[in-house]
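Coordinate inspection notes
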Amino acid sequence: MKIAMIGSGYVGLVSGVCFADFGHQVACVDKDEGRIGALLRGEIPIFEPGLDALVEANLRSRRLSFTTDLAAAVAEAEVVFLAVGTPSRRGDGFADLSYIYAAARDVARAIKGFTVVVTKSTVPVGTGDEVERIIAEARPDAEFAVCSNPEFLREGAAISDFKLPDRIVVGTGDARAREVMSEVYRPLNLNQPPLYFVDRRSAELIKYAANSFLATKVAFINEMADLCEKVGADVQDVARGIGMDKRIGPKFLHPGPGFGGSCFPKDALALVKTAQDHDAPLHIVEAVVAANDRRKRAMAKRIVAACGGSVRGKTIGLLGLAFKLNTDDMRDAPSISIVTALQDAGAKVRAYDPKAMTQARPIMPDVTFCDDPYDCATGAEALAMVTEWDEFRALDLTRIKSLMAAPNLIDLRNIYRPADARKHGFSYSSIGRP
Ligand code: NAD
Ligand code: UGA
């Protein structure tokens, strides 16, 4: 099939490349000339494991192309995916749909022949109706169907998530669109992921409900971790103990510094706003959003406490800045709140991240960026592990301790075992463990 992917960011690029890898002919479009220029030179603008090789292979096979020419790509395409950003709107937290609507207008002008327009971006319930209205108004002659196909990939595991999904949700009431979408995902038949057809509004809501539910699991285990600390229990054991119940499941029960990233925070907030608008408030999700905001701020207090109650004039090292491992994405990363709070309290912050420092630099102008974890530990009165990168799992703790001004280790991802850290002479604190 001929596919145009509008927006070549984390989702558009991964989806477009994977569709090309399935055998479809894909044009990845972006209005950002720098981004398309880089892609044409073979430079991948984001860090996502395995993406560079997949892009290269599909460019070579000529199934994949990159362009800023939306009109030409859309005119050729049987299916047009909208994968542009839907960030939180400044001020009120609703999803900002201006990019979606602008893209829909651009697409409308360029459609030729029957075209399925698919929102892959995460959009509030009812957005598909508006996209349909925009296209119909701009092009009363156009033959098209608008459907919703929300994306469930995770950054850092995006390619395997896309190629081996638990389910593919398609929201449409149009028989032709249903056929086309079945054909788009037919190459996945071997893996037999359920292609789950629902109405468009339900599909849009499934996406928000899924992200908010997962965020709720994370917020739940984080609060449970706080209780464990007070009562002398081990949250890792509690998580394992409840996760063995198949009704609960073991995933998304790792306690940490609070959920971040480009989606959980913004999507939970947008769902809260949608629900309030429809007089059906989601009190649980509201509590999750509030608890997570509090948690991110509370992480800096832990570091201050480990330093004896004050960090004024002290050097603090942070290992990991990205919102989770295997990504360079800094959007809503807990490290941002931690750095701000530490600097407000008078600390000098040093930091190291294997992939996210380029994105972090403009957000954290007063942080000293380091060459490696040992450089980061040098002269620090406390070292906090904020992101669970593999390269932090087997550090030479003897060397780390010898470089630090004081042996305070604050492990916000429970990477180390308390006994091991203490054996190396650290004053060690972690999340939800005695
Ligand atoms: P992103 O900001 O990385 O990428 C969006 C891209 O769209 C940008 O490169 C931008 O230049 C481009 N763009 C905007 N308007 C355009 C237009 N009119 N024409 C051409 N290009 C245009 O965003 P993202 O992280 O890929 O997220 C995209 C959507 O997918 C969001 O709704 C998000 O919630 C959803 N989503 C994201 C993830 C994820 O892991 N990042 C996962 C699932 C769903
Ligand atoms: C999340 C969802 O998992 C994807 O299904 C969805 O497609 C995506 O949002 C989206 O809509 O963009 P992502 O944000 O890439 O994916 O990352 P996750 O692995 O879900 O982690 C989100 C946050 O929760 C991270 O800050 C992570 O550290 C935190 N987390 C996650 C925990 O603290 N504990 C856990 O057990 C799991």
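Owing to the predicted nature of the structure, the values given are computational and were not obtained by experimental measurement.

1. A few points about the packing of aromatic side chains
Aromatic ring pairs are described here by two measures, namely the spacing of the ring centres and the angle between the planes. Counting across every chain of the model gives nine aromatic pairs. Residues Y352 and F392 carry aromatic rings whose centres are separated by 6.2 Å and whose planes lie at 65° to one another, so their mutual orientation is edge-to-face. Of the two residues, Y352 sits in strand β10 (residues 348–352) while F392 sits in the loop between β12 (382–385) and α16 (397–403), which places them 40 residues apart along the sequence. You can call Y352 buried: its relative accessible area is 8%. Members of the aromatic cluster, each reached through a chain of ring pairs, are F19, F22, F81, F162 and Y185.

2. Topic: the environment of C147
Here C147 lies in strand β6 (residues 144–148). Sequence-wise, C147 and V131 are 16 residues apart; in three dimensions their C-alpha atoms are separated by 9.6 Å.

3. Description of the site of ligand 1
Close to ligand 1 lie 26 residues; V11, D30, T86, E155 and K266 are nearest. Between V11 and ligand 1, the recorded distance is 2.8 Å, taken from a backbone N or O atom to an oxygen atom. For ligand 1, a nitrogen atom lies 3.2 Å from a polar atom in the backbone of K31. The protein chains hide 89% of the 840 Å² of surface that ligand 1 would expose on its own. Breaking the shell around ligand 1 down by element, the ones donating at least two residues are α1 (10–22) and α5 (98–110). Composition of the shell around ligand 1 by domain shows at least three residues from each of domain 1 (2–198) and domain 2 (208–289).

4. So, the environment of A233
Considering the arrangement of structural elements, one finds A233 in the loop between α9 (200–231) and α10 (235–243). Residue A233 is classed as partly exposed on the basis of its relative accessible area of 24%. Leaving out residues up to four positions away in the same chain, A233 has contacts with C228, G432, R433 and P434.

Calculation criteria
Residues numbered from 1 in each chain as written. Chains lettered and ligands numbered in written order. Predicted model: local features only at pLDDT ≥ 70, side-chain atom pairs only at ≥ 80, totals over all residues. Heavy atoms only, no water. Phe/Tyr/Trp six-rings, centres within 6.5 Å; stacked < 30°, edge-to-face > 60°. Helix = DSSP H or I, 4+ residues; strand = E, 2+ residues; numbered from the N terminus. Buried < 20%, exposed > 50% of the residue type's maximum accessible area, 1.4 Å probe, protein only. Near = heavy atom within 4 Å. Polar contact = N/O pair within 3.5 Å; in protein donor to acceptor, adjacent residues only side chain to side chain. Areas by Shrake-Rupley, 256 points an atom, 1.4 Å probe, with all protein chains shown as cover. Domains from an automatic or database assignment. Contact = heavy atoms within 4.5 Å.

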